[in-house]
Amino acid sequence: MILAAALITFLYLLLATVVIAVDPHNVYRWGANPRIEPDDTPRDMVIDWIDVATKDPSFNTFLVGSSITAMYSPEYLKAILGPETRAVNLSYGGPRPKDRDLVLDRLIDNPSVQHVILTFDWTYMVGPDVANSGFPTFLYDGDITNDLRMVNLPTIRKTFEIMSGKLTYDNPDDAEYQTYVKNMYVKFQRPSEIAKLGRMIERNRKDIDAKSGKDCHSFRSVNEQLVPDVRALSGRGVRVDILFPIESYAFYYVRQNDISPTLLDEQMIARRCLVDAVSDLSGVRVFALDGDPTVAGDLANFREVGHAYDPAILQRFVSAMKTGKDRITRANFATYERDIRNAVKEYRIANSFPIHEN
């Protein structure tokens, strides 16, 4: 048993040495310098490839988002934002302040970055030390002693692919992802699901606009991480566009049960504080579509209360950066906030394209 344990330990350390020497995630100053395919959309797999993407000089535009922006391919962004756009999508599900800060730190250090697109997700309500449980923070914390944690089967497989000459990462799940999204939409649109949602809204209506007692000082992740990161990017001449997610008005009713009972109030305060903090920064803009009831009020546009599905809405979300429409500023935020609060408080189920039960 001792001999077997020693042999296993030896093999593991040998593999770890090979992995670190090859450096498949491009976290060190040495290694093979792998790349992501220019037209690829890595989605959740991108969490291991942050350094691969952010150190690649061929990219000048980075979408740093969540599951709400995971569908945008580089080619799609280029078609809307212009031919000079060389984009990579760094969106992954459930980002938290700590891992988002690690991603932005790498973009701040990248001299090739010209445009950063950020989603301002509800997760900025949590503290600055909170990270996505699946995000490999150990790869990006500067401590080489914990990097042995990256030695797993996918990393070992990629290491040997690189050694055999394949230096690019790719993501084979596009068809699977599209099927997942479509099935999610069909399930959400069932009359029984919509009726259940309507009952939940009525149960929670009386408390939906409850006051949280919070102010700008309450959102440490915004003040200590996001705003300094945006300021640093702006100071380098990088264009920064911040997008408020396309959430339905029903979102606030559904998610107050697991996020916060004062979700609506906290979101409006956090957004107001962010807009106020970045309004004077050069090249920084904020956009939102949820002030339009035809977007946020119609559940036919969504595959889940917090995820848009309608292609026209998804295109409009990105096109706003090109047209300047749907921009939120310090001057118009009070009107935007009032409209959102009123729309949510008075919301009744609306669904223009119901799907019949199977």
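Residues numbered from 1 in each chain as written. Predicted model: local features only at pLDDT ≥ 70, side-chain atom pairs only at ≥ 80, totals over all residues. Heavy atoms only, no water.

If you check an unreviewed UniProt entry, the chain appears there as TonB-dependent receptor from Qipengyuania pacifica.

Colleague: For this particular structure, what's the right way to read the environment of Pro74?
Modeller: Note that Pro74 resides in helix α3 (residues 74-81). Sequence separation between Pro74 and Arg341 is 267 residues; the distance between their C-alpha atoms is 35 Å. With sequence-adjacent residues up to four places away left out, Pro74 is seen in contact with Pro38, Asp39, Asp40, Thr41 and Ala87. (Helix = DSSP H or I, 4+ residues; strand = E, 2+ residues; numbered from the N terminus. Contact = heavy atoms within 4.5 Å.)

Colleague: Teacher, can you tell me more about the side chain of Arg285 here?
Modeller: Within the secondary structure, Arg285 is located in strand β7 (residues 284-287). On the basis of relative accessible area, Arg285 is assigned to the buried category, the value being 17%. Polar side-chain contacts of Arg285 include one of 2.8 Å to the side chain of Asp241. Only 2.8 Å separates the side chain of Arg285 from the backbone oxygen of Met321, close enough to count as a polar contact. (Buried < 20%, exposed > 50% of the residue type's maximum accessible area, 1.4 Å probe, protein only. Polar contact = N/O pair within 3.5 Å; in protein donor to acceptor, adjacent residues only side chain to side chain.)

Colleague: Looking at this model, I keep getting lost on the pairing of strand β2 (residues 61-64). Mind explaining?
Modeller: As a general feature of sheets, a regular strand has side chains that alternate between the two faces. Of the two faces of β2, the one holding Thr61 and Leu63 and the one holding Phe62 and Val64 are both buried throughout. Sheet topology note: the β2/strand β3 (residues 87-89) ladder contains three bridges and is parallel. Across the sheet, the residue bridging to Phe62 is Val88, located in β3. Assessed by its sense of winding, the connection that carries the chain from β2 through α3 to β3 is right-handed. Note: β2 against strand β4 (residues 115-119), four bridges, orientation parallel. Among the inter-strand pairings, Val64 is bridged to a residue of β4, identified as Leu118. (Pairing = 2+ DSSP bridges. Right-handed = clockwise from strand over helix to strand, strands pointing away.)

Colleague: Even after reading the chapter, I still don't get the packing of helix α10 (residues 263-278) against helix α13 (residues 333-345), so can you show me in this structure?
Modeller: Packed helices, taken two at a time, are described by the angle their axes make and the gap between the axes. Their axes nearest at 11 Å, the elements α10 and α13 cross at an angle of 165°. Judged by the inter-axis angle, α10 sits roughly antiparallel to α13. Handedness of the crossing formed by α10 with α13: right-handed. Where α10 approaches α13, its residues Leu264, Asp265, Met268, Ile269, Arg271, Arg272 and Val275 are matched on the opposing element by Phe333, Tyr336, Glu337, Ile340, Arg341 and Val344. Of the residues that constitute the contact of α10 with α13, the class distribution is eight nonpolar, no polar and five charged. (Axes fitted to C-alpha atoms, helices over the stretch in contact; angles between N-to-C directions. Parallel < 35°, antiparallel > 145°, perpendicular 65-115°, else oblique. Left-handed = near helix turned anticlockwise from the far one by under 90°. Nonpolar A, V, L, I, M, F, W, Y, C, P; charged D, E, K, R; others polar.)

Colleague: Before we go on, may I ask you to explain the sheet that holds β7 in this structure?
Modeller: Two strands in a sheet stick together by hydrogen bonds in their backbones, pointing the same way (parallel) or opposite ways (antiparallel). Read from one edge of the open sheet, six strands run β3-β2-β4-β6-β7-β10, paired in mixed fashion. Looking at the sheet topology across the chains shown, the edges are occupied by β3 and β10 (327-328).

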